[in-house]
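# Fold and contact review
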Amino acid sequence: MRELVVLNGSEARFRTSDARDTSRPVVLIGFQQQGNLGIGYLTATLSRHGYHATAIDFQLDPADILDRIRALNPMLVGFSLIFQFYVEEFGALIRYLRDHGVHCHFTIGGHFPSLSYRETIELIPELDSVVRFEGEETLVELADCLSSGRPWQHIHGIAYQSESGIIAQPLRHLVEDLDSLPYPAREFTPMAVLGHKIMPILASRGCARTCSFCSIHTFYRSAPGKVVRLRNPSAVVGEMKALHEERHITIFLFQDDDFPLFGPSWRRWTMQLVDELYRQNLVGKVLWKINCRADAVDHDLFCRLRDAGLYIVYMGLESGSEDGLEILNKEVTVEENIRAVETLKRIGVMFQYGFMLFDPSTTFESVRANIAFLRRIVGDGSAAATFCRMLPYDGTPIKDELKRAGRLRGDVCNPDYDFLDPRLGGYFEALTGLLNVAGWIHGCRALSPQLDWAWHEVAILERLFPPLYTLDQYKEQLRTITRESNDMLFTVVEEMARAHERGTPNTWSEDKIESQCRTFIDRLLLKRNEFVYRHQDVLLQTLANKVEPSVPEGQSVLS
């Protein structure tokens, strides 16, 4: 049978397919807290082909997930697993569903299952199949076969356990034309900041970079097809406009692994996006955040992006030493990282960053160099201090190198490595233990995330609200708290490093650090709440006057 497939802004084309039975639904399970666009694209693609597809949040209670699956009676349940650190949790849920009588086809997709399908099948034998790499076409074909009772084992992009062993069929090409996909379904409640709703969005897929610690570029290079693909700028802005008018979305978080900025061709694309924002009358109505590398930050270009709504830039700075950047294959310099931060500060665009204080090459000298770098970029209180340890993900060159060197530890679910200097292991454990107890860096209630959220609010206040007469005073108070807390954190890191390097006693206790951390949080909340209370009438009135959606009731251009 031939079916007409209508593409967003593209010429319609016909695709030949066998008969399908869409009477039973498909369920997709994954993390949904901040919006899962991968599941959204899969759900929308299945819906385009007549299937009723439902997304369920993996973080719900397993009994609730079981009840919903029983009520829906799906023919297929798909699981979205990105990072290997959740393999055991996904496996536990899958076994729970099987043990309670869910016998339909179970498949799984995502970065880890795609790159390590054998390990996935061995760790979760209750699975029937793995959908590898970009799964829109593969999942529809799998649903077609299951619904019509035809064999599915031949499908390209599928891996499965057979009597003779694990079979992996030839890989399917990456989606060449992203505009051929429907807008992703968004079956989740958007987050909000100061009454403004936030929604994730994608302008591209793939990453041209080859950082040694990242599995993303490996993911896109393992399947045939062009690694980086861009959507049409008018389609991206059209999706933003529809979400703004239909769902009151005013803040968009571009989840591109590397927003298209680097090089003349991609910059032309970005300028076309800016032109579309003006043409479709969204400038001044919406704000947006991007992820990019430091070497893409240019003063004149980013001033234009700022004027068109860019308000936050996330950069993976990762290291403050040239040796560290080389080990991580960042292909940027320390000076480029510093210049990017200083440029964003100068033009008034908020920045956030990723930073790996610890990696397989870490020495006590590199810890001191990294803290000196962090003092230079956030010692002024412009952003909260943060750092982490590099984790050896499956599919990354650095994990392969650690394995070759005999330094890889742990198992596939929790990989780890030894530092070259044994003293660093004790230092890392002691430092992270103290900071985790204190709640300083990690967790939504920790100090650094709360400081970042307060600065996020300031960026929204400056762009989407009328001038507030004490905002400058509040910003200075926030900067002071951020600066003082950063300084204390850096001091703790430095002094504990010195103690472990020299073998002298550590003077920082859990109680002392936790008390200081709590004092900073209390100061932050006091100043923040005082400011909001002082201006609550203006804030509420501004939100009340926001333009209502213009799309007639019952009509929608979104999936």
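Residues numbered from 1 in each chain as written. Predicted model: local features only at pLDDT ≥ 70, side-chain atom pairs only at ≥ 80, totals over all residues. Heavy atoms only, no water.

### Describing the overall build of the protein
When helices and strands are counted, the protein shows 19 helices and 20 strands. Taken over C-alpha atoms, the radius of gyration comes to 25 Å for the protein, in line with the 24 Å a tight globule of 559 residues would show. Along the three orthogonal principal directions, the C-alpha set of the protein runs to about 70 × 60 × 50 Å. Counting the 559 residues in the protein, one finds 54% classified as buried. (Helix = DSSP H or I, 4+ residues; strand = E, 2+ residues; numbered from the N terminus. Rg over C-alpha atoms; globule rule 2.2 N^0.38 Å. Buried < 20%, exposed > 50% of the residue type's maximum accessible area, 1.4 Å probe, protein only.)

### A closer look at the packing of helix H15 (residues 422–438) against helix H18 (residues 510–534)
Contact geometry of H15 with H18 gives a least axis separation of 8 Å together with a crossing angle of 45°. Considering the angle they form, H15 stands oblique to H18. Two packed elements cross with a definite hand, and for H15 against H18 that hand is right-handed. Judged by residue contacts, Leu434, Val437 and Ala438 of H15 engage Glu510, Ile513, Glu514 and Cys517 from H18. Of the residues that constitute the contact of H15 with H18, the class distribution is 5 nonpolar, no polar and 2 charged. (Axes fitted to C-alpha atoms, helices over the stretch in contact; angles between N-to-C directions. Parallel < 35°, antiparallel > 145°, perpendicular 65-115°, else oblique. Left-handed = near helix turned anticlockwise from the far one by under 90°. Contact = heavy atoms within 4.5 Å. Nonpolar A, V, L, I, M, F, W, Y, C, P; charged D, E, K, R; others polar.)

### Focus on the sheet that holds strand E15 (residues 287–292)
Taken in spatial order, the 7 strands line up as E10-E11-E14-E15-E16-E17-E18 in an open sheet, and their pairing is mixed. The sheet is open, and its two edges are formed by strand E10 (192–193) and strand E18 (388–389), each paired on a single side. (Pairing = 2+ DSSP bridges.)

### Side note on the side chain of Ser485
Within the secondary structure, Ser485 sits in helix H17 (residues 471–502). Not counting chain neighbours up to four residues away, the residues in contact with Ser485 comprise Trp440, Leu447, Leu451 and Phe520.

### Things to note about a negative patch on the surface
Residues Glu322, Asp323, Glu326, Glu335 and Glu365 make up a contiguous surface patch of negative charge. The biggest single contributor to the negative patch is helix H11 (residues 322–327), with 3 residues. Position of Glu326 among the secondary structure elements: in helix H11. Here Glu326 falls in the exposed class, since its relative accessible area comes to 61%. (Patch = residues over 30% accessible without salt bridge, like charges linked within 9 Å, V, L, I, M, F, W, Y side chains within 5 Å. Areas by Shrake-Rupley, 256 points an atom, 1.4 Å probe, with all protein chains shown as cover. Salt bridge = Lys/Arg side-chain N within 4 Å of Asp/Glu carboxyl O. Lys, Arg positive; Asp, Glu negative; His and termini not counted. Charge placed at Lys NZ, Arg CZ, Asp CG, Glu CD.)

### Quick notes on the nonpolar core
With 116 residues, the main nonpolar core has Ile290, Phe302, Met315, Phe387, Tyr427 and Trp440 as its most contacted residues. For this core, the element with the most residues is H17, which contributes 11 residues. In this structure, Phe387 is in contact with Phe355, Leu357, Leu374, Leu431, Leu435, Ile441, His442, Leu489 and Val493, ignoring residues within four places of it in sequence. Core analysis: the second largest hydrophobic core is formed by 28 residues, Ile94, Leu97, Val130 and Ile166 among them. (Core = buried A, V, L, I, M, F, W, Y, C linked by side-chain atoms within 4.5 Å.)

### As for the packing of aromatic side chains
According to the stated counting rule, one finds 24 aromatic pairs in the structure shown. Directly above the aromatic system of Phe262 lies the positively charged group of Arg209, at a separation of 4.2 Å from the ring centroid. Positioned above the aromatic ring of Phe428 is the side chain of Arg389, whose terminal nitrogen or guanidinium carbon lies 4.5 Å from the ring centre. (Phe/Tyr/Trp six-rings, centres within 6.5 Å; stacked < 30°, edge-to-face > 60°. Lys NZ or Arg CZ within 6 Å of the ring centre and 35° of its normal.)

### Let's talk about the sheet that holds strand E8 (residues 158–162)
Each strand in a sheet pairs with another by means of backbone hydrogen bonds, the pair being arranged parallel or else antiparallel. Within the open sheet, the 7 strands sit side by side as E4-E3-E5-E6-E7-E8-E9. Their pairing is mixed. The outermost strands of the open sheet, each flanked by one partner alone, are strand E4 (53–57) and strand E9 (165–168). Put simply, the sheet's adjacent strands are angled 25° from each other on average, direction ignored. In this structure, strand E5 (residues 76–80) lies alongside strand E6 (residues 105–109), joined through 5 bridges in parallel fashion. Bridging across to E6, Ser80 finds its partner in Gly109. Contacts from helix H1 (residues 37–48) reach strand E3 (26–30), E4 and E5, with the element oriented near 175° to E3. Packed on one face of the sheet, helix H3 (residues 87–99) meets E3, E5 and E6 and runs near 165° to E5.

### Overview of the pairing of E6
Counting buried residues along E6, 5 of its 5 residues qualify, which places the element largely inside the surrounding structure. Tracing the backbone out of E5, into H3 and back to the parallel element E6 gives a crossover that is right-handed. The pairing of E6 with strand E7 (residues 129–131) spans 2 bridges and is classified as parallel. Note that in E7 the partner of Thr107 across the bridge is Ser129. (Right-handed = clockwise from strand over helix to strand, strands pointing away.)

### Details of H17
Counted at 1.5 Å a residue, the expected span for H17 with its 32 residues is 46 Å, and the 46 Å between its end C-alpha atoms agrees. Once H17 finishes, Gly503 follows within two positions and takes phi at roughly 75°, a positive value. (Expected span 1.5 Å × (residues − 1).)

### Quick word on a nonpolar patch on the surface
A surface patch of nonpolar side chains, amounting to about 250 Å² of accessible area, comprises Ile82, Phe83 and Tyr86. Checked against the element boundaries, Phe83 lands in the loop between E5 and H3. Take Phe83: its relative accessible area is 37%, and that puts it in the partly exposed class.

### Focus on H18
Across its 25 residues, H18 extends 36 Å between first and last C-alpha, which sits within 8% of the 36 Å expected from 1.5 Å per residue. Summarising the contacts, the buried residues of H18 are in contact with H15, helix H16 (447–464) and H17.

### So, the confidence of the model for the protein
Mean pLDDT for the protein: 93, with 94% of residues reaching 70 or above. Confidence over residues 1–16 falls short of pLDDT 50; this stretch has 33 contacts with residues more than four positions distant or in other chains. (pLDDT = per-residue confidence, 0-100.)

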